[in-house]
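Summary of the model geometry
Here is what each chain is made of, one letter per residue.
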Amino acid sequence: MFRNNYDNDSVTFSPQGRIFQVEYAAEAVKQGSVVVGIASKTHAVLVAIKRNAEELSSYQKKLFQIDEHVGIAIAGLTSDARVLSNFMKQQCLGHRLTYSRNMPVRSLVDMIGSKAQINTQHYGKRPYGVGLLVAGVDDSGPHLFEFQPSGMTEEMVAFAIGARSQMARTYLERNLDKFKTSSREELIEHGLRALKESLVQDRELTVENTSIGVVGYVKGDKEGGEEKKKKVEPFQVFDGQDVQRYLELVADDKKDDKDGSGPQPATVADEGEQMEVDAY
Amino acid sequence: MDHRPQAWGRPRDDVYGAYDGSYLNNSGPRTVTQSPVVTGTSVIAIKFKDGIVMAADNLASYGSLARFTDVKRLRTFLGTTVIGFGGDVSDMQFLDRHLEELAVDESYEAEPTIDEDDQEAKKASQLNAGNIYRYLQKLMYQRRNSFDPLWNHILVAGFDSASKPLLGSVDLRGTSFTSPSLATGFGAALAQPIMRKYAATEEDAAKLTREQAVGVIKECMKVLFYRDARSLDRYSIAIVTKDGIELKEDEQLEKQSWAFAERIKGYGTQTV
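Small disclaimer: the values here were computed from a predicted structure and weren't measured.

Turning our attention to the packing of helix 2 (residues 89-109) of chain B against helix 4 (residues 129-145) of chain B. Residues and elements named next belong to chain B. Interaxial distance between helix 2 and helix 4 falls to 13 Å at its minimum, and their mutual angle equals 130 degrees. Put simply, helix 2 runs oblique to helix 4. Between helix 2 and helix 4 lies a crossing of right-handed hand. Along the contact surface, helix 2 presents Phe94, Leu95, His98, Leu99 and Leu102, while helix 4 presents Ile132, Tyr135, Leu136, Leu139, Met140 and Arg143.

Here it is, written out as structure tokens:
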């Protein structure tokens, strides 16, 4: 049989110029259940499908609060996400202590980006097997970032990672123009619709398997005629019965999409298939 | 003859005596900058209706010698915050370079956003006076805890994240507090009582006009020049408002009158 000789560590290139360990790590992200994130002018939301290992077990958490103003959604190895999450928590706390402000989300994401990249360039290390969507607000407004095990980070208007996330991304691309001006509730609704797109047949969003995370700005009250600084609505995760009212918002549109832009067949065919590797 | 190779080529103990290595002994605390050398005297500042006025003279003393007479002790940060330094001048220069580096790093970090043309958001994401105040406090306290303090007393003026005027003080131990009027060094004894007459509380300060505040500061600078022997009649004055900073670095003390000096008795060469 053919064996791939170039995937033993993350410092060796294949003759085609690929680093397989990094690609495998990206595969691990695709194994995780889907998470969707969207940012508007006032809010950033994360929605996720939780999975349970077996019927009798509880559902694995997908959304985590990092600091008052930041939360993450994870897809991939939960234990690797824990390391990143603890690191991010520490950085945010340290920044708050030394500067007395919310850590800018971009600096935070850049830090985990650099941290993850180092793992792809040192012998004996391995990349993190987890992808993140980081949602947060700082002094420059709400932000959504994507993080990949390769160390790549990118600011997004809306994005989805995890198993079958292409369907969700297709939905997001179709509705891209609406997000910027969407309200908090509309944003959650869009997130859930995107999530629905990527569900396998016969699966549904339930109060058990759906998680919603919201962070944003609430309008500060006017004081003495002078406009006060916008107040941060801290990152909050809704689970269980708390997501019921949001699920009801999107319960009816399974068949008939009201925009007429109904679900289209997935454009990417190779997802979920065996990835192609060099063999020598 | 000493046959030990390690002794060859070295001064002979029987001729020169044993080598005294004590002055090479580096154990014990580091003693550089453990006391100020070239120093600046008071910095004073007062809040008014829509900002803060700060002033400090342009003198750097070497002990009682008026060594440098054109040292600017008010520095600006990102065009929104004024920082006034009293105390050691070399430590001030260190802090100035450090803050400059911080400003550059910050500008790079705050750069690209998804909404490129949102200048307001860009400005809001930069470090404000409240952030700098906290940062300096942590820095000074960290240095004092490593027994290598930065020998300064610093005033920070600008606007906090709620866009309210902020005037804060940080000393070489990291002690920090805010007040409607603040003064470092001799100013704490000589100028502070005068400023308190005009702005005892935040409410009083909020009633002061810009002209009144500048007047108070000028009056205080004059009193300081009269009574502080380490001061100068050339000074810098900065006015911080929402529109930015007006910094004048070569002001001359006006309308001096030394008539009162004749009546001062009790020291010096006088016999009566």
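Residues and elements named next belong to chain B. In this structure the tally under the stated criterion is three cavities of 30 Å³ or more. Volume-wise, the second largest cavity comes out at about 40 Å³. What lines the second largest cavity is Arg75, Thr76, Phe77, Ile83, Asp96, Leu99 and Glu100. Only strand 6 (74-77) and helix 2 provide two or more residues apiece to the lining of the second largest cavity. In the lining of the second largest cavity, the residues fall into three nonpolar, one polar and three charged.

Below, the discussion takes up the nonpolar core. Ranked by internal contacts, the top residues of the largest apolar core, which has 27 residues, are Val36, Ile38, Leu172, Leu192, Leu195 and Ile212 of chain A. Breaking this core down by element, the ones donating at least two residues are strand 1 (35-39), strand 2 (43-49), strand 8 (158-161), helix 4 (165-174), helix 6 (184-197), strand 9 (210-218) and helix 7 (244-249) of chain A. When residues of this core are assigned to their parent elements, the largest contribution, five residues, is made by helix 6 of chain A. Apart from the residues lying within four places of it in its own chain, the contact partners of leucine 172 of chain A are Val36, Ile38, Ala158, Phe159, Ala160, Phe179 and Ala194 of chain A. With 26 residues, the next largest nonpolar core counts Phe77, Tyr133, Leu136 and Val156 of chain B among its residues.

Moving on, we come to a nonpolar patch on the surface. Taken together, Tyr19, Tyr23 and Leu24 of chain B make up a surface patch of nonpolar side chains, about 420 Å² in accessible area. Classification of tyrosine 23 of chain B as exposed rests on a relative accessible area of 63%.

All told, the structure shown has seven aromatic pairs over all chains when counted by the stated rule. Here phenylalanine 225 of chain B and tryptophan 258 of chain B contribute two aromatic rings whose centre-to-centre distance is 5.8 Å and whose plane-to-plane angle is 85 degrees, an arrangement assigned as edge-to-face. Residue phenylalanine 225 of chain B is found in helix 8 (residues 210-227), and its partner tryptophan 258 of chain B is found in the segment after strand 13 (244-252); the two are separated by 33 residues along the sequence. A relative accessible area of 16% means that phenylalanine 225 of chain B is categorised as buried. Given a relative accessible area of 41%, tryptophan 258 of chain B falls into the partly exposed group. Seen in terms of ring centroids, tryptophan 258 of chain B and phenylalanine 260 of chain B are 5.8 Å apart; in terms of plane orientation they differ by 20 degrees. Their pairing is stacked. For phenylalanine 260 of chain B, a relative accessible area of 23% gives the class partly exposed. Through successive ring pairs, a cluster of aromatic residues spans Phe225, Tyr226, Trp258 and Phe260 of chain B. In this structure, arginine 101 of chain A packs its charged tip against the face of tyrosine 99 of chain A, placed 5.8 Å from the ring centre. Taking the ring centre of phenylalanine 87 of chain A as reference, the NZ or CZ of lysine 115 of chain A above it sits at 4.6 Å.

Take unusual backbone geometry next. The phi angle at arginine 164 of chain A is positive, at roughly 55 degrees, despite the residue not being glycine. Position of arginine 164 of chain A among the secondary structure elements: in the loop between strand 8 and helix 4. Exposure remark for arginine 164 of chain A: the relative accessible area of 34% places this residue in the partly exposed category. One non-glycine residue, lysine 255 of chain B, adopts positive backbone phi at about 50 degrees.

A few words on the confidence of the model for chain A. With 86% of its residues at a pLDDT of at least 70, chain A reaches an overall mean of 89. Throughout residues 255-273 of chain A the model reports pLDDT below 50, and contacts reaching past four residues in sequence, or to other chains, amount to 18 contacts.

Residues and elements named next belong to chain A. Spatially, 8-1-2-9-10 is the arrangement adopted by the five strands of the open sheet, whose pairing is antiparallel. The strands lining the two open edges of the sheet, one partner per strand, are strand 8 and strand 10 (231-238). On average, each strand axis in the sheet is tilted by 5 degrees relative to the strand beside it, whichever way the strands run. Sheet analysis places strand 9 next to strand 10, joined by six bridges and oriented antiparallel. Note that in strand 10 the partner of isoleucine 212 across the bridge is phenylalanine 238. Contacts between helix 4 and the sheet are confined to strand 1 and strand 8, with strand 8 contributing the most and set at about 170 degrees to the helix.

Glancing now at the environment of valine 89 of chain B. All names here are of chain B. Following the sequence through the fold, valine 89 ends up in helix 2. Distance from valine 89 to valine 71, taken between C-alpha atoms, is 8.7 Å for residues 18 residues apart in sequence. The contact partners of valine 89, leaving out residues within four places of it in the chain, are Val38, Thr39, Gly40, Ala60 and Val71.

This next bit is on the pattern of salt bridges. For side chains bearing opposite charge, pairing can occur when the charged atoms are close. Under the defined criterion, the tally for this structure stands at 20 salt bridges over all chains. The salt bridge partner of lysine 49 of chain B is aspartate 50 of chain B, with a shortest N-O separation of 3.9 Å. By relative accessible area, aspartate 50 of chain B is classed as partly exposed at 40%. Across the pair arginine 234 of chain B and aspartate 250 of chain B runs a salt bridge whose closest N-O atoms are separated by 3.2 Å. Highlighted residues: arginine 234 of chain B in strand 12 (residues 234-241) and aspartate 250 of chain B in strand 13, separated in sequence by 16 residues. Note on arginine 234 of chain B: relative accessible area 32%, which makes it partly exposed. Aspartate 250 of chain B sits in the exposed class, given a relative accessible area of 52%. One network of salt bridges, with partners in common, ties together Arg184, Glu185, Glu233 and Arg245 of chain A.

Quick notes on the rules
Residues numbered from 1 in each chain as written. Chains lettered and ligands numbered in written order. Predicted model: local features only at pLDDT ≥ 70, side-chain atom pairs only at ≥ 80, totals over all residues. Heavy atoms only, no water. Axes fitted to C-alpha atoms, helices over the stretch in contact; angles between N-to-C directions. Helix = DSSP H or I, 4+ residues; strand = E, 2+ residues; numbered from the N terminus. Parallel < 35°, antiparallel > 145°, perpendicular 65-115°, else oblique. Left-handed = near helix turned anticlockwise from the far one by under 90°. Contact = heavy atoms within 4.5 Å. 1 Å grid on protein atoms, 1.4 Å probe; cavity = no way out; pocket = protein on both sides within 12 Å on 5 of 7 lines; lining within 4 Å. Points joined across faces, edges and corners; volume = space filled by probe spheres on them. Nonpolar A, V, L, I, M, F, W, Y, C, P; charged D, E, K, R; others polar. Core = buried A, V, L, I, M, F, W, Y, C linked by side-chain atoms within 4.5 Å. Buried < 20%, exposed > 50% of the residue type's maximum accessible area, 1.4 Å probe, protein only. Patch = residues over 30% accessible without salt bridge, like charges linked within 9 Å, V, L, I, M, F, W, Y side chains within 5 Å. Areas by Shrake-Rupley, 256 points an atom, 1.4 Å probe, with all protein chains shown as cover. Salt bridge = Lys/Arg side-chain N within 4 Å of Asp/Glu carboxyl O. Phe/Tyr/Trp six-rings, centres within 6.5 Å; stacked < 30°, edge-to-face > 60°. Lys NZ or Arg CZ within 6 Å of the ring centre and 35° of its normal. pLDDT = per-residue confidence, 0-100. Pairing = 2+ DSSP bridges.

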